[in-house]
Amino acid sequence: MLDIQKIRENTESVRQGIQNKNMSIDFDAILQLDQVRRDVIAEVEVLKHDRNVVSKDVAVRKKNKEDASDLIIKTRDIGQRIKTLDDKQRAIEADLNKLMLEIPNIPHASTPIGKDASENPVVKEWGSRFSPGFDLKTHLELGESLGLFDFPRGTKIAGPGFPLYTGKGAKLERALINFMLDFHIDQHGYTEVLPPVVSNAKSMTTTSQLPKFEDDMYKIPQDELYLIPTAEVPVTNIHQGEILAAQDLPIRYCAYSSCFRREAGSYGKDTRGFLRLHQFNKVEMVKFTHPDNSYAELEALRGNAEAILEALGLEYRTIELVTGDLSFAAAKCYDLELWAPGEERWLEVSSCSNFEDFQARRGAIRFKPEGGGKVQLLHTLNGSGVATPRLLVALLETYQQEDGSVMLPEILAPYMGSAGLHLT
RNA sequence: GGAGACGUGGCCGAGUGGCUUAAGGCGGCGGCUUGCUAAGCCGUUGUACGUUUAGGCGUACCGAAGGUUCGAAUCCUUCCGUCUCCGCCA
């Protein structure tokens, strides 16, 4: 959510930012509603002040055993007017809040202006192309012949897009999750958390899955819960409504969770194998930072995600999203893409974003500055570190051997066993 | 799922319709003292919104939302949460 005061005072620059995001918002309607709201508040507060003064007089007279009926009659009318205005204020604020929740974050000044993904600049390329000279198999062919997963049975159990991992495939999935968690905890200083995989509407609103993206999520109406599309939701909401001490910042959490996405509107796209799923595993990093440090923390966060890919020896590139491709809540974002030699394409495995105070305002996540001073909103960031399905694709395709087996990188030995690195 | 108890500031805790502007204490912050010394004394204390050149002023907030009343932390209704006991359960 944006600051209404900022919209009021810097209307044109906010308007420009939204336009760069290819969105359109009726700011005139919002400003007008805000003006009405403030007029009503000013009016009702005068009446409440009057009521308080008269009520005190009533109390004094009653204490002195004097008659106060004239005052009571006078205030009865004030009470009615207050009630009317209170109702009006409530209605206006509900309307205004609804509009405010639909306004996307505005891009940071450093985010390149551009219309869509085709204009995203590549900011880093790492690793070398895997081209061994024999015919490369896709992860589907490899997985099937090696018995790593069973899509038909996953479909039978739940439906398409719900993968069943089997044997070494299940172990590899578990190994990757543990490897990434340990890496971020031991090397990058994150604190591990293991959150619920469901969240309520309030939490979903903080991170802005709600109200705009309700159709993308699985809902449990009976209990008014949603399955999380990412651990970002429960982890960011750990400090919802709290006032943290400045000395405690930055807070860095790392969480594994299953993620659930309906992928409505993407039917027929990337339906094969692991490229697009309804349920998948992901290790997520979430940071709560002082506003002054959030962009330095974003660079570090991106580095933490890249370090995973480098440790696994996989070719990747990092792109910076232009304003038109930025997600609803982000002010700046990097995407990490792995090269899948069998698929012969780049696969997005991580998104690292700075939301500035956008989510913090929605969730009332604040901090008290060191040495006192006014409580202020902190900045939230998150990034995948990383999602497993496409990582598994690139890993299998990059480490495949001519005989159809896969020789996993040495760094996974503690998790697979040395002998277990060779998938046959 | 059943029965009961409870929900007050950073924390403890008083408060059953009106000098409550939420007592008192702890903690925090600022100052004084340095013959009460592992201390003592004085002052201060939250959040949001509105308003103001500024200092300030006003309004609201006692789990949440409504209601009764001239006036609600206090009375009524609904909801949420916590705890205890019972039932079920990995």
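Owing to the predicted nature of the structure, the values given are computational and were not obtained by experimental measurement.

Q: Sorry if this is basic, but what is going on with the state of the cysteines here?
A: Simply put, disulfide is the name for a covalent bond between the sulfur atoms of two cysteines. For the coordinates displayed, the defined rule picks out zero disulfides. Here cysteine 259 stays unpaired: no disulfide links it, and the sulfur of cysteine 254, its closest cysteine neighbor, is 13 Å away. Cysteine 259 gets classed as buried once you look at its relative accessible area, which sits at 0%. Cysteine cysteine 333 is unpaired, with the sulfur of cysteine 352 as its nearest cysteine sulfur at 7.2 Å.

Q: In this structure, what is going on with the protein's contact with RNA strand B? I would like to understand it.
A: Not every one of the 22 residues close to RNA strand B is listed here, only the nearest: Arg37, Glu45, His49, Arg76 and Arg90. Within 4 Å of the protein, the atoms of RNA strand B are drawn from sugar and phosphate moieties in a proportion of 70%. Interatomic distance of 2.9 Å between a side-chain N/O atom of arginine 37 and a sugar or linking oxygen of RNA strand B. Here a phosphate oxygen of RNA strand B and a side-chain polar atom of asparagine 52 are 3.4 Å apart. When contributions to the surface near RNA strand B are tallied by element, the ones reaching two or more residues are helix H3 (27–63), helix H4 (69–101) and strand E12 (366–368). Per-element accounting of the surface near RNA strand B gives the leading share, twelve residues, to H3. A per-class count over the surface near RNA strand B returns five nonpolar, four polar and 13 charged.

Q: How do you make sense of the domain arrangement of chain A when you look at a structure like this?
A: How large an interface is tends to be reported as the accessible area lost when its parts come together. Here chain A is partitioned into domain 1 (4–101) and domain 2 (117–423). In this assembly, five residues from domain 1 lie in contact with eleven residues from domain 2. When domain 1 packs against domain 2, close to 610 Å² is buried across both sides, 53% of that on carbon and sulfur atoms. Ranking the residues of domain 1 by area buried against domain 2 places Asn20, Lys21 and Leu101 at the top, with a combined share of 81%. The residue makeup of the side of domain 1 that touches domain 2, split by class, is two nonpolar, two polar and one charged.

Q: Teacher, can you tell me more about the sheet that holds strand E8 (residues 279–289) here?
A: Across a sheet, paired strands are connected by hydrogen bonds in the backbone, their directions being either parallel or antiparallel. If you trace the eight strands from one edge of the open sheet to the other, you get E1-E9-E10-E11-E14-E8-E7-E2, paired in mixed fashion. Two strands close off the open sheet at either side, each with one partner strand: strand E1 (122–126) and strand E2 (191–193). Across the sheet, the mean angle from the axis of one strand to that of its neighbour is 20°, orientation sign disregarded. One ladder, built from four bridges, connects strand E11 (residues 345–356) with strand E14 (residues 379–387); its direction is antiparallel. Note that in E14 the partner of cysteine 352 across the bridge is glycine 383. Contacts between helix H7 (residues 167–188) and the sheet are confined to E2, strand E7 (251–260), E8 and E14, with E8 contributing the most and set at about 10° to the helix.

Q: Is there a simple way to explain the sheet that holds strand E4 (residues 219–220) in this structure?
A: Taken together, the three strands give an open sheet; going across it, the order is E3-E5-E4, and neighbouring strands pair in antiparallel fashion. Looking at which strands have only one partner, the edges of the open sheet turn out to be strand E3 (198–200) and E4. Across two bridges, E4 lies against strand E5 (residues 225–227) in antiparallel orientation. Bridging from a neighbouring strand, isoleucine 220 pairs with leucine 225 of E5.

Q: Before we go on, may I ask you to explain the packing of aromatic side chains in this structure?
A: Within the structure shown, the criterion is met by twelve aromatic pairs. Ring centres 5.0 Å apart and planes at 65° place the aromatic pair phenylalanine 151 and phenylalanine 274 in the edge-to-face group. Of this pair, phenylalanine 151 sits in helix H6 (residues 151–157) while phenylalanine 274 sits in the loop between E7 and E8; the two residues are 123 residues apart in sequence, bridging distant segments of the chain. Pair check on accessibility: phenylalanine 151 and phenylalanine 274 agree, each one buried. Taken together, Phe149, Phe151, Tyr165 and Phe274 form an aromatic cluster joined through their ring pairs. Over the ring of tryptophan 339 we find arginine 129; its NZ or CZ atom is 3.8 Å from the centre of that ring. The ring centre of tyrosine 334 lies 4.7 Å from the NZ or CZ of arginine 302, which sits over that ring.

Q: Help me understand the confidence of the model for chain A in this model?
A: Regions with low pLDDT carry predicted coordinates that are not meant to be interpreted in detail. Scored by pLDDT, chain A has a mean of 92; 98% of the residues are at 70 or more. The secondary-structure element of chain A with the lowest mean pLDDT is strand E6 (residues 243–245), recorded at 83, while helix H10 (residues 294–311) shows the highest, at 98.

Q: Explain the pairing of E7 here, please?
A: Consecutive side chains of a regular strand alternate in pointing toward one face of the sheet and then the other. Most of E7 sits out of view: eight of its ten residues are buried. Relative to E7, E2 runs parallel, the two being bridged by three bridges. Following the sheet pairing, valine 193 is matched in E7 by alanine 255. Two strands pair when backbone bridges link them, and E7 and E8 are joined in this way by ten bridges, in the antiparallel orientation. Bridge pairing in E8 places arginine 252 opposite lysine 287.

Calculation rules
- Residues numbered from 1 in each chain as written.
- Chains lettered and ligands numbered in written order.
- Predicted model: local features only at pLDDT ≥ 70, side-chain atom pairs only at ≥ 80, totals over all residues.
- Heavy atoms only, no water.
- Disulfide = S-S within 2.5 Å.
- Buried < 20%, exposed > 50% of the residue type's maximum accessible area, 1.4 Å probe, protein only.
- Near = heavy atom within 4 Å.
- Polar contact = N/O pair within 3.5 Å; in protein donor to acceptor, adjacent residues only side chain to side chain.
- Helix = DSSP H or I, 4+ residues; strand = E, 2+ residues; numbered from the N terminus.
- Nonpolar A, V, L, I, M, F, W, Y, C, P; charged D, E, K, R; others polar.
- Domains from an automatic or database assignment.
- Contact = heavy atoms within 4.5 Å.
- Buried area = accessible area lost by both parts, 1.4 Å probe.
- Pairing = 2+ DSSP bridges.
- Axes fitted to C-alpha atoms, helices over the stretch in contact; angles between N-to-C directions.
- Phe/Tyr/Trp six-rings, centres within 6.5 Å; stacked < 30°, edge-to-face > 60°.
- Lys NZ or Arg CZ within 6 Å of the ring centre and 35° of its normal.
- pLDDT = per-residue confidence, 0-100.

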